[in-house]
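Each chain is listed here by its residues.
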Amino acid sequence: MELTAALEYLQAHVNLEATAGRIEGLSLDRIRSMLAALGEPQRDVPVIHVTGTNGKGSTVRMAAALLQSVGLSVGTYTSPHLERLNERLSWDGRLVDDDVLAGLVSDIARVEPILDPDLGPPSYFEILTASAFKWFADLAVDVAVVEVGLLGRFDATNAADGQVAVITNVALDHTDGGPGWRSAVAEEKAGIVKPGALLVLGETDPELGPVFAASGAGEVWQRDADFGCTDNRLALGGRLIDVRTPGTSYDQLFLSLHGAHQGDNAATALAAAEGFLGRPLEHDLVAEALAGVTVPGRFEVVGRTPLVVLDGAHNPHGAASLAATLAEGFASTGRRHVVIGLLEGRDPIEMLRALDLGPDDDIVACTAPSPRAQPATALVVAAQALGLNARRIETVEAALADVLDDAQGDEVVAVVGSLYVVGAARTWCRSVGLLAVRN
């Protein structure tokens, strides 16, 4: 297959990322069957497995950079992508080539006819996950840092046995918020912990302690007890942090990401890398790795006058982190413009409250480019119920163009609400030359 044919093959399979409503009948049987037909590539590569409500992508990128800094060959698998499917698979920081990706998908297409028909056809995500594991095995990488797509226990990535499991946090997302939701979500995320594995736990809620204690981990390192960010200061272009791990302390590290929450993610990533290696890392290597990390679509600054920020905050916890980051390091006397689009299942009122918006702010609601999108009109109604100033412009591109045409040099423009919205905004910004500005 060429890439076009491979993409057509993928699109012919159910894409649960684009499916509205509740997903039933979750199982690892299909992905295990596919991997068995491919020769069990997931068993040929050591895995660091990362889940959590927020911060997964940032933690994966930082852990990968840290492991690369000591000379390891590192594969990474993340989701979803912002602009190109290739973004999901990378090797030592380089995205998979079109031809290689097409070849990997072709390999899956060849084995699909021999799979047990009673299991049903594989999903879009299962095909990509199997492709990632096969690529990493073909490359004989030293370690694969793998991000969970949804929750953990029944995520296709859980067909691998991670020797280090990472849980960044537990917050409101992918749940109805009913009684006991935190424990239920924690149990699903703890499902990635394999017997005897090291669990690097970023969640600090003591009420969830029994859930993680029962995970079967051989050892648990918990943030603020065994590791953590002990000092976290605003710096020009990012943060200046001190981190303590079970092995040592790392002081005066410049982190090239915005937001105090990234200090916690860095501490978690550093603990995961140290746990995998079984030893501390050299301070100079850590400093160089963290200074060079970028995470597209997570408080990504793409313009300065006015300030233009793209942030994939898609739940109240992420929205609150965005608001705090703006307030701490990007305070402005000018007006704030927020382009927002949400997927179904998100509470627009809670999202708008978390963004800490006021009646003087300009809120432009759009419809995310996804079958799961909430209509822009629903966001306008929610904003008006809170006494906020909101208007509707249907597409992300038109909304951002309108806002930038109106925004003054001392004002702030933020695009938020979904990675689908951020991806569309990023493509538009690239087309008009805004992406020349690095974080």
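A brief report on the enclosed structure follows. Because the structure is a prediction, the values reported are computed rather than measured.

Here is what the cut-offs are and how they apply
Residues numbered from 1 in each chain as written. Predicted model: local features only at pLDDT ≥ 70, side-chain atom pairs only at ≥ 80, totals over all residues. Heavy atoms only, no water. Helix = DSSP H or I, 4+ residues; strand = E, 2+ residues; numbered from the N terminus. Rg over C-alpha atoms; globule rule 2.2 N^0.38 Å. Buried < 20%, exposed > 50% of the residue type's maximum accessible area, 1.4 Å probe, protein only. Contact = heavy atoms within 4.5 Å. Areas by Shrake-Rupley, 256 points an atom, 1.4 Å probe, with all protein chains shown as cover. Axes fitted to C-alpha atoms, helices over the stretch in contact; angles between N-to-C directions. Parallel < 35°, antiparallel > 145°, perpendicular 65-115°, else oblique. Left-handed = near helix turned anticlockwise from the far one by under 90°. Polar contact = N/O pair within 3.5 Å; in protein donor to acceptor, adjacent residues only side chain to side chain. Pairing = 2+ DSSP bridges. Expected span 1.5 Å × (residues − 1). Salt bridge = Lys/Arg side-chain N within 4 Å of Asp/Glu carboxyl O. 1 Å grid on protein atoms, 1.4 Å probe; cavity = no way out; pocket = protein on both sides within 12 Å on 5 of 7 lines; lining within 4 Å. Points joined across faces, edges and corners; volume = space filled by probe spheres on them. Nonpolar A, V, L, I, M, F, W, Y, C, P; charged D, E, K, R; others polar.

Remarks on the overall build of the chain
No. 1: Summing up its helical and strand segments, the chain has 14 helices and 17 strands in all.
No. 2: Radius of gyration (C-alpha) of the chain: 21 Å, near the 22 Å computed for a compact globule of 439 residues.
No. 3: Reported as C-alpha extents along the three principal axes, the dimensions of the chain are approximately 60 × 50 × 45 Å.
No. 4: Expressed as a percentage of its 439 residues, the buried residues of the chain come to 55%.
No. 5: Across the chain, every contact between residues at least 6 apart in sequence was considered, and the portion connecting residues at least 24 apart equals 72%.
No. 6: Entry remark: accessible area of the chain is about 17400 Å², with carbon and sulfur atoms responsible for 50%.

Examining the packing of helix H13 (residues 396–406) against helix H14 (residues 419–431)
No. 1: At their nearest, the axes of H13 and H14 sit 9 Å apart, and the two run at 60° to each other. Comparing their axes, H14 and H13 come out oblique. Seen along the crossing, H13 lies across H14 with a hand that is right-handed. Listed contacts from H14 to Val396, Glu397, Leu400, Ala401 and Leu404 of H13 are Val421, Ala424, Ala425, Trp428 and Cys429.

What to know about the side chain of Asn54
No. 1: Mapped onto the elements of the fold, Asn54 is located in the loop between strand S1 (47–51) and helix H3 (56–69).
No. 2: A polar atom in the side chain of Asn54 sits 3.1 Å from the side chain of Asn315.
No. 3: Non-local contacts of Asn54, meaning those with residues more than four positions away in its chain, are made with Thr168, Asn169, Ala171, His314, Asn315, His317 and Gly318.

Observations concerning the sheet that holds strand S4 (residues 94–95)
No. 1: Taking strand neighbours across the sheet as the criterion, the eight strands line up as S4-S3-S2-S5-S1-S6-S7-S8 in an open arrangement whose pairing is mixed. Every interior strand has two partners, whereas the edge strands, S4 and strand S8 (219–222), have only one.
No. 2: Sheet topology places S1 next to strand S5 (residues 143–147); four bridges connect them, and they run parallel. Paired with Val50 across the two strands is Glu147, which belongs to S5.
No. 3: Contacting S1, S5, strand S6 (164–167), strand S7 (198–201) and S8, helix H8 (residues 261–277) runs over the sheet at an angle of about 170° to S6.

Things to note about the sheet that holds strand S10 (residues 238–244)
No. 1: One open sheet holds the three strands; their spatial order is S9-S10-S11, and the pairing between them is antiparallel. Two strands bound the open sheet, and with one partner strand each, they are strand S9 (228–235) and strand S11 (249–255). Going across the sheet, the axis of each strand differs from the next one's by a mean of 15°, ignoring polarity.
No. 2: Pairing geometry for S10 and S11, over five bridges, is antiparallel. Residue pairing for S11: Arg244 is matched across the bridge by Ser249.

Some words on the pairing of S9
In the case of a regular strand, side chains alternate between the two sheet surfaces.
No. 1: Here S9 runs beside S10; their pairing, made up of seven bridges, is antiparallel. By the bridge assignment, Arg233 is partnered in S10 with Leu240.
No. 2: In textbook terms, the turn of a hairpin is the stretch between consecutive antiparallel strands, and for S9 and S10 this stretch comprises two residues, one of which, Gly237, has a positive phi near 85°.

Section: H8
In an α-helix, one full turn covers 3.6 residues, which means residues spaced three or four apart are oriented alike.
No. 1: Relative to the 24 Å expected for 17 residues at 1.5 Å per residue, H8 spans 25 Å between its end C-alpha atoms, a close match to the ideal helical length.
No. 2: Positive backbone phi, approximately 80°, marks Gly278, located one or two places after H8.

Here's the deal with the pattern of salt bridges
No. 1: In the structure shown here, the tally under the stated rule is 24 salt bridges.
No. 2: Close ionic contact of Lys134 with Asp107 constitutes a salt bridge, the shortest N to O distance being 3.3 Å. Of this pair, Lys134 sits in helix H5 (residues 124–139) while Asp107 sits in helix H4 (residues 98–111), and the two are 27 residues apart along the sequence. For the pair shown, Lys134 and Asp107 are each scored as buried.
No. 3: For Arg239, the salt bridge goes to Glu328, with nearest N and O atoms at 2.7 Å. In this pair, Arg239 sits in strand S10 while Glu328 sits in helix H10 (residues 316–329), placing the two residues 89 residues apart along the sequence.
No. 4: For Glu328, a relative accessible area of 40% puts it in the partly exposed group.
No. 5: Taken together, the salt bridges that share partners define one network made up of Glu40, Arg43, Asp161 and Lys194.

Topic: unusual backbone geometry
No. 1: Ser79 connects to Pro80 through a cis peptide bond whose omega is -10°.
No. 2: With respect to the secondary-structure elements, Pro80 resides in the loop between strand S2 (74–77) and strand S3 (89–91).
No. 3: With an omega dihedral of 5°, the bond running from Thr305 to Pro306 counts as a cis peptide bond.
No. 4: Inspection of the secondary structure puts Pro306 in the loop between strand S12 (300–304) and strand S13 (307–310).

Here we look at the layout of surface pockets
No. 1: Within this model, the second largest pocket holds a volume of roughly 620 Å³.
No. 2: Lining the second largest pocket are 31 residues, and of these Arg61, Ser90, Leu95, Thr294 and Pro296 lie nearest its centre.
No. 3: Listing elements by their share of the lining of the second largest pocket, those giving two or more residues are H3, S3 and H14.
No. 4: At six residues, H3 tops the list of elements feeding residues into the lining of the second largest pocket.
No. 5: Taken together, the residues of the lining of the second largest pocket break down into 11 nonpolar, 10 polar and 10 charged.

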